[in-house]
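Each chain, written out:
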Amino acid sequence: MNEKKSIQNVDVKGKKVFCRVDFNVPMQDGEVTDDTRIRAAIPTIQYLIEQGAKVILASHLGRPKGEAVEELRLDPVAKRLSNLMDRTVTKTDEAYGSEVDEAISQMESGDVLLLENVRFYPGEEKNDAELAKQFANLADVYVNDAFGAAHRAHASTEGIAHHIPAVAGYLMEKELRVLGNALQDPDRPFTAIIGGAKVKDKIGVIDNLIDKVDNLIIGGGLAYTFVKAQGYEIGKSLLEEDKIETAKEYMKKAEEKGVNFVMPVDVIVGDDFSNDANTQTVDINSIPADWEAMDIGPKSIEKYSDIVKNSKLIIWNGPMGVFELETFANGTKGVAEALGQTEGYTVIGGGDSAAAVEKFGYSDQMDHMSTGGGASLEFMEGKDLPGVVALNDK
Ligand SMILES: Nc1ncnc2c1ncn2[C@@H]1O[C@H](COP(=O)(O)OP(=O)(O)O)[C@@H](O)[C@H]1O
Ligand SMILES: O=C(OP(=O)(O)O)[C@H](O)COP(=O)(O)O
């Protein structure tokens, strides 16, 4: 990232700036229910205003598949941004075309405009060259602050960057710096905790992390493919059959590299995927047939917490159990608490882990909560992010 230009390396004074943000926020009944991503983009927007730029914001919301969907219009987002910044935010009903041209022609220095959902146009996700040009024609400079969408090569995240000067915003810079430092020059002991349910999505991350960490802690639904690979029975627990061999290889690789590969030692099993399930706490080698492991047990929580408290750097992606159900939330809560208490630097990799940390009230105690789920995973996996690659080199 150090080699990519940032917002401070380009003159934006009095210029029209197309700023791609990730305002893909949860909404209910036409109201924004979590404005974390909106607040995270404010330092960049504020800087552009202070520089006297004309700030043209663009974002996607949801997955409207190339056509206008009323519930996915960005009006509630414009309203929330306007409230948060205590200033007028003009919103257009299109993302380019005559209405947008007219609105931009009326802008003065320091004004803020929000374009309509860019995914209302089929060319956005196809990274269509014509659409990218249309976006570029709206402005003099392109700023990408949408870290959460940086793993997408779309017209407003990638294509546009080939037409006008293209730089990273403050949020993008911060995300890449924190995650990049963690992976390149980590303080040690360096611990990664990987949980959640998507074995296929996370197997590459586990592989890449084995080359970097001192402790690799596995929890959540994906742990049971590894438990099975160790030769234990897992009852009805989540299993990705075709990844058992890969799991074996990774455990072998970890051993060869001297990485402490940490698995649950006990689990909470349930007889039903609900809060009313009957439960038992069992050792990892005693999961009964017909029961499903839905959370890590108390001995595992203690073991994981001790490692977390003795680490200098901890990255966490993915809950330890089915935390949405109170009955199976203790593992995730316990790990969140340990991260809240550790002296080490804590990085939460977006997605459900960020939601869990928020839900249990520990977000203020974390050092960095990433605004990107998929993006931070791909970054940790060592993949190039197209939205970053396309930016101008220093
Ligand atoms: N033991 C388990 N069995 C089934 N599902 C689980 C288990 N542990 C966690 N989960 C589920 O994993 C989901 C999150 O998985 P994932 O999307 O991979 O995480 P993230 O969004 O943090 O990357 C949660 O909905 C949670 O209920
Ligand atoms: O919410 C997002 O992804 P995330 O849930 O993986 O963090 C981003 O806005 C990307 O959205 P997308 O996955 O529809 O391309």
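Residues numbered from 1 in each chain as written. Chains lettered and ligands numbered in written order. Predicted model: local features only at pLDDT ≥ 70, side-chain atom pairs only at ≥ 80, totals over all residues. Heavy atoms only, no water.

## As for the site of ligand 1
Around ligand 1 sit 18 residues in total, of which Ala197, Lys198, Lys202, Glu324 and Asp352 are the nearest. Between a nitrogen atom of ligand 1 and a main-chain N or O atom of Gly221, the distance comes to 3.1 Å. Here a nitrogen atom of ligand 1 sits 3.5 Å away from a polar atom, N or O, in the main chain of Gly321. In isolation ligand 1 offers 580 Å² of accessible surface; the protein chains occlude 89% of this area. Secondary structure elements with two or more residues in the shell around ligand 1: β14 (292–296) and α12 (351–359). Among the elements that line the shell around ligand 1, the one with the most residues is α12, at three residues. A per-class count over the shell around ligand 1 returns six nonpolar, eight polar and four charged. (Near = heavy atom within 4 Å. Polar contact = N/O pair within 3.5 Å; in protein donor to acceptor, adjacent residues only side chain to side chain. Areas by Shrake-Rupley, 256 points an atom, 1.4 Å probe, with all protein chains shown as cover. Helix = DSSP H or I, 4+ residues; strand = E, 2+ residues; numbered from the N terminus. Nonpolar A, V, L, I, M, F, W, Y, C, P; charged D, E, K, R; others polar.)

## Some details on the packing of helix α1 (residues 36–50) against helix α2 (residues 75–85)
It is at 11 Å that the axes of α1 and α2 come closest, and there the two elements cross at 65°. Taken as axis vectors, α1 and α2 run roughly perpendicular relative to one another. Helix-helix and strand crossings are classified by hand; for α1 and α2 the assignment is right-handed. Residues Ile38, Arg39, Ile42, Ile45, Gln46 and Ile49 of α1 lie in contact with α2, whose contacting residues are Val77, Arg80, Leu81, Leu84 and Met85. Within the contact of α1 with α2, the residues separate by chemical class into eight nonpolar, one polar and two charged. (Axes fitted to C-alpha atoms, helices over the stretch in contact; angles between N-to-C directions. Parallel < 35°, antiparallel > 145°, perpendicular 65-115°, else oblique. Left-handed = near helix turned anticlockwise from the far one by under 90°. Contact = heavy atoms within 4.5 Å.)

## A few points about the site of ligand 2
By nearness alone, every residue bordering ligand 2 is listed as Asp22, Asn24, Arg37, His60, Arg63, Arg119, Gly148, Arg152, Gly372, Gly373 and Gly374. Residue Asp22 places a side-chain N or O atom 2.9 Å away from an oxygen atom belonging to ligand 2. Measuring from an oxygen atom of ligand 2, one finds a backbone N or O atom of Gly374 at 2.7 Å. When isolated, ligand 2 has an accessible area of 390 Å², and the protein chains bury 80% of it.

## A word on the UniProt feature "binding site: ATP" (unreviewed entry) in the protein chain
Per the UniProt annotation, the sites labelled "binding site: ATP" (unreviewed entry) are Lys202, Glu324, Gly350, Gly351, Asp352 and Ser353. Position of Gly351 relative to the elements: it lies in helix α12. Along the chain, the position of Asp352 falls in helix α12. Filtering out sequence-adjacent residues up to four positions away, Asp352 remains in contact with Pro319, Phe323 and Glu324. (UniProt positions renumbered as here; feature names shortened; annotations may be inferred.)

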